[in-house]
Amino acid sequence: MDRVIGWSTVAVVVTVTVLFLTLIQVSSCADAAQGEGTSFCTTEPMLGVAGSWIAGFAGAGVLAFSIWQIVRATRSPQQDED
């Protein structure tokens, strides 16, 4: 049962971290000099678009591996007896 708790903790921590990194938006604005064009603002994910995709895929991989380990641990009743 200790392995289930450990892998469940890993799954939750990775999920929360990846969601935080991919969903938090960062805004930046550039003000133009008076009479010299227009000011503009941009909003993008904290890690950038490519970084968000990488973090998302890596997090999904770790989450899938954690779930696989949880399933394996619950199916083997001998784990705590050895």
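Keep in mind that this is a model prediction, so the values were computed, not measured.

Asker: When you look at the packing of aromatic side chains in this model, what are you seeing that I'm missing?
Answerer: Taken as a whole and assessed by the stated rule, the structure comprises 3 aromatic pairs. Residues Trp7 and Phe65 carry aromatic rings whose centres are separated by 5.3 Å and whose planes lie at 80° to one another, so their mutual orientation is edge-to-face. Highlighted residues: Trp7 in helix 1 (residues 2-23) and Phe65 in helix 2 (residues 48-75), separated in sequence by 58 residues. Between Phe65 and Trp68, the ring centres sit 5.7 Å apart and the planes meet at 55°, which makes this aromatic pair tilted. In this pair, Phe65 and Trp68 are both assigned in helix 2, 3 residues apart and thus about one turn of the helix distant. What makes Phe65 partly exposed here is its relative accessible area of 39%. Three or more aromatic residues joined by ring pairs form one cluster here, namely Trp7, Phe65 and Trp68. When the ring centre of Trp68 is taken as origin, the NZ or CZ atom of Arg72, which lies over that ring, is 5.2 Å away.

Asker: I keep staring at a nonpolar patch on the surface and nothing clicks. Help me out?
Answerer: A contiguous nonpolar patch, built from Phe20, Ile24, Val26, Met46 and Leu47 and spanning about 400 Å² of accessible area, is present on the exposed surface. Summarising the element assignment, Leu47 is placed in the loop between strand 2 (40-45) and helix 2. Classification of Leu47 as partly exposed rests on a relative accessible area of 40%.

Asker: Please clarify how the environment of Phe57 should be interpreted in this entry.
Answerer: Relative to the helices and strands, Phe57 is located in helix 2. Looking at Phe57, the relative accessible area reads 61%, which means it is exposed. A C-alpha to C-alpha distance of 9.4 Å links Phe57 and Val18, two positions 39 residues apart in sequence.

Asker: For this particular structure, what's the right way to read the state of the cysteines?
Answerer: Should the sulfur atoms of two cysteines be covalently bonded, the bond is a disulfide. For the coordinates displayed, the defined rule picks out 1 disulfide. A disulfide bridge connects Cys29 with Cys41, and the sulfur atoms are separated by 2.0 Å. When the S-S torsion is 110°, as for the bridge of Cys29 with Cys41, the disulfide is right-handed. Of this pair, Cys29 sits in strand 1 (residues 25-30) while Cys41 sits in strand 2, and the two are 12 residues apart along the sequence.

The rules behind each value
- Residues numbered from 1 in each chain as written.
- Predicted model: local features only at pLDDT ≥ 70, side-chain atom pairs only at ≥ 80, totals over all residues.
- Heavy atoms only, no water.
- Phe/Tyr/Trp six-rings, centres within 6.5 Å; stacked < 30°, edge-to-face > 60°.
- Helix = DSSP H or I, 4+ residues; strand = E, 2+ residues; numbered from the N terminus.
- Buried < 20%, exposed > 50% of the residue type's maximum accessible area, 1.4 Å probe, protein only.
- Lys NZ or Arg CZ within 6 Å of the ring centre and 35° of its normal.
- Patch = residues over 30% accessible without salt bridge, like charges linked within 9 Å, V, L, I, M, F, W, Y side chains within 5 Å.
- Areas by Shrake-Rupley, 256 points an atom, 1.4 Å probe, with all protein chains shown as cover.
- Salt bridge = Lys/Arg side-chain N within 4 Å of Asp/Glu carboxyl O.
- Disulfide = S-S within 2.5 Å.

Such coordinate-based values are descriptive only and should not be taken to indicate function.
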